[in-house]
Amino acid sequence: GGLLDDEFLRELRGTSAVKIYGEMGANDPIVGAGLFAYTTLAREVTCSVTSAQPGNQLADEIAEFVRGAMFDDMNLSWRDWLGECFSFLRYGWSYFEVVYKRRSGYVAPSDADDAQASSRYNDNRIGWRKWAIRGQDTLWKWNLDDHGGIRGMVQKAAPHYLPVEIPIWKALLFRTRTERNSPEGVSILRTAYLPWYFKRRIQIIRGIGIERDLAGLPVLTPPEGMDIWNANDPKAVTLKSTAEKIVRSIRRDEHEGIIKPFGWTLELLSSSGARQFNITEVIAQLNAEIAMSMMTDF
């Protein structure tokens, strides 16, 4: 069906993987810093086009044409395009549609589409208008042939979210590796996923623990003789649900306070003692594992 199942973790397949790797890069400072460093270094690399036969007039003209078309006449600067290209590090792959234009000089921008068709050259040759990224989050499925070849990417993108295929013959596909010719490659964040997964949950637990240690554990006690656990009594069920909402929503901030019915008691239990492990050290160790896995994979 165009969906790949090479990855044994279901959550790291297809669009689910795109969401997770996107979250890792956007919210984790270690992952974000590593990806930023890699992309910044890539954008500073000097690129050039040279003649295959220096001194040969035709070869020199071809090299000059390609040089101008790539570096001087596309809608996006070469450095900015490299930044988009290297998103394949995060997701394992990046896919670009090659869009052409006739190099007919300046075109008055009567609309946005005309403005993008302008060219620095006026030789009426066909050049590249742009190498347009087709976002990883728009992937719907891959079109593969019976022999494992890649026919194209099918995407569903805003604003219509209709399936549109970008065939491989007019596209550029960048991958971290080509194992079994998978179009999705392998993200450099793949081996960092496990420590990131535990780190994120430990951070949530730590935040809740700190809040509870400072505010205390709320305990709401009903009046004597009131059985709020009686599932057959609608009134008891309602009271139990209300009590649960109250204890879950108690916070120590400028809005703190509670109004309770007569007979109910509320107390905040403090922590009984120190933890048997240092959560900060655990998170630091997970940070080190994330950083090491990114360096090793790259």
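Residues numbered from 1 in each chain as written. Predicted model: local features only at pLDDT ≥ 70, side-chain atom pairs only at ≥ 80, totals over all residues. Heavy atoms only, no water.

K.L.:
For this particular structure, what's the right way to read the overall build of the protein?
P.N.:
A count of helices and strands for the protein gives nine helices and eight strands. Split into buried and exposed, the 298 residues of the protein put 33% on the buried side. Sequence-distant contacts, at least 24 apart, represent 65% of the contacts inside the protein between residues at least 6 apart. Counting every atom, the protein has about 18,900 Å² of accessible surface; 56% of that belongs to carbon and sulfur. (Helix = DSSP H or I, 4+ residues; strand = E, 2+ residues; numbered from the N terminus. Buried < 20%, exposed > 50% of the residue type's maximum accessible area, 1.4 Å probe, protein only. Contact = heavy atoms within 4.5 Å. Areas by Shrake-Rupley, 256 points an atom, 1.4 Å probe, with all protein chains shown as cover.)

K.L.:
Would you take a moment to explain the layout of surface pockets for this structure?
P.N.:
To find leftover empty space, one rolls a probe the size of a water molecule over the atoms. Of the pockets and cavities examined, the largest pocket occupies roughly 440 Å³. Lining the largest pocket are 20 residues, with D6, E7, S182, G185 and V186 positioned closest to its centre. With four residues, helix α1 (residues 14-27) is the largest single contributor of residues to the lining of the largest pocket. Among the residues forming the lining of the largest pocket, the class breakdown is eight nonpolar, four polar and eight charged. (1 Å grid on protein atoms, 1.4 Å probe; cavity = no way out; pocket = protein on both sides within 12 Å on 5 of 7 lines; lining within 4 Å. Points joined across faces, edges and corners; volume = space filled by probe spheres on them. Nonpolar A, V, L, I, M, F, W, Y, C, P; charged D, E, K, R; others polar.)

K.L.:
It is not clear to me how the pattern of salt bridges should be interpreted in this structure. Could you clarify?
P.N.:
By the definition in use, this model includes ten salt bridges. A salt bridge links R200 to E23, with the nearest nitrogen and oxygen atoms 2.7 Å apart. On the criterion of sequence distance, the pair formed by R200 in helix α7 (residues 193-215) and E23 in helix α1 is long-range, its members being 177 residues apart. R200 sits in the partly exposed class, given a relative accessible area of 25%. One salt bridge in this structure joins R67 and E64, with 2.4 Å as the shortest N-O distance. In this pair, R67 and E64 both sit in helix α3 (residues 57-71), three residues apart, roughly one turn of the helix. Classification of R67 by relative accessible area gives partly exposed; the value is 28%. Among the charged side chains, a salt-bridge network with shared partners connects E97, R134 and K170. (Salt bridge = Lys/Arg side-chain N within 4 Å of Asp/Glu carboxyl O.)

K.L.:
I would appreciate a short explanation of the packing of aromatic side chains in the present structure.
P.N.:
Both the distance between ring centres and the angle between the ring planes are used here to describe each pair of aromatic rings. If you walk through the whole model with that rule in mind, you get 14 aromatic pairs. Between F96 and F174 the ring centres are 5.9 Å apart and the planes differ by 85°, which places this aromatic pair in the edge-to-face class. Residue F96 is found in strand β1 (residues 93-102), and its partner F174 is found in strand β6 (residues 171-175); the two are separated by 78 residues along the sequence. Here the basic side chain of R201 rests over the ring of Y197, its NZ or CZ set 3.6 Å away from the ring centre. (Phe/Tyr/Trp six-rings, centres within 6.5 Å; stacked < 30°, edge-to-face > 60°. Lys NZ or Arg CZ within 6 Å of the ring centre and 35° of its normal.)

K.L.:
How do you make sense of the sheet that holds strand β4 (residues 150-156) when you look at a structure like this?
P.N.:
By way of backbone hydrogen bonds, the strands of a sheet pair with one another, either parallel or antiparallel. Reading across from one edge, β3-β4-β5 is the order of the three strands in this open sheet, with antiparallel pairing throughout. Strands at the two margins of the open sheet, each flanked by one partner only, are β3 (139-144) and β5 (163-167). Adjacent strand axes in the sheet meet at a mean angle of 25°, parallel and antiparallel pairs treated alike. The pairing of β3 with β4 spans five bridges and is classified as antiparallel. Across the sheet, W142 pairs through a bridge with M153, a residue of β4. (Pairing = 2+ DSSP bridges. Axes fitted to C-alpha atoms, helices over the stretch in contact; angles between N-to-C directions.)

K.L.:
Help me out: how do you make sense of the packing of helix α2 (residues 29-43) against helix α4 (residues 78-85) in this one?
P.N.:
The angle between the axes and the distance between the axes are what describe a pair of packed helices. Direction vectors running N to C along α2 and α4 enclose 145°, while the axes themselves pass 9 Å from each other. Between α2 and α4 the crossing geometry is right-handed. In this structure, α2 contributes T39, A42 and R43 to the contact, and α4 contributes R79, D80, L82 and G83. Looking at the contact of α2 with α4 residue by residue, the class counts come to two nonpolar, two polar and three charged. (Left-handed = near helix turned anticlockwise from the far one by under 90°.)

K.L.:
Please explain the environment of F88 as it appears in this structure.
P.N.:
Checked against the element boundaries, F88 lands in helix α5 (residues 88-91). Expressed as a C-alpha distance, the spacing of F88 and S187, which sit 99 residues apart in the sequence, is 7.2 Å. Among residues more than four places away in sequence, those in contact with F88 are W93, S94, F174, R175 and T176.

K.L.:
Which parts of the structure should I look at to understand the side chain of D28?
P.N.:
Looking at the secondary structure, you find D28 in the loop between α1 and α2. For D28, a relative accessible area of 5% translates into the label buried. A distance of 2.8 Å separates the side chain of D28 from the side chain of K199, its partner in a polar contact. Not counting chain neighbours up to four residues away, the residues in contact with D28 comprise E23, W196, K199 and I290. (Polar contact = N/O pair within 3.5 Å; in protein donor to acceptor, adjacent residues only side chain to side chain.)

K.L.:
Would you explain unusual backbone geometry in this entry?
P.N.:
In most cases, non-glycine residues show a negative phi, while peptide bonds are predominantly trans. In this structure, P159 follows A158 across a cis peptide bond, with omega equal to 5°. Unlike most non-glycine residues, Y161 shows phi in positive territory, near 55°. Structurally, Y161 can be placed in the loop between β4 and β5. With phi around 60°, N181 is a residue other than glycine that occupies positive phi space. With respect to the helices, strands and loops of the structure, N181 is situated in the loop between β6 and α7.

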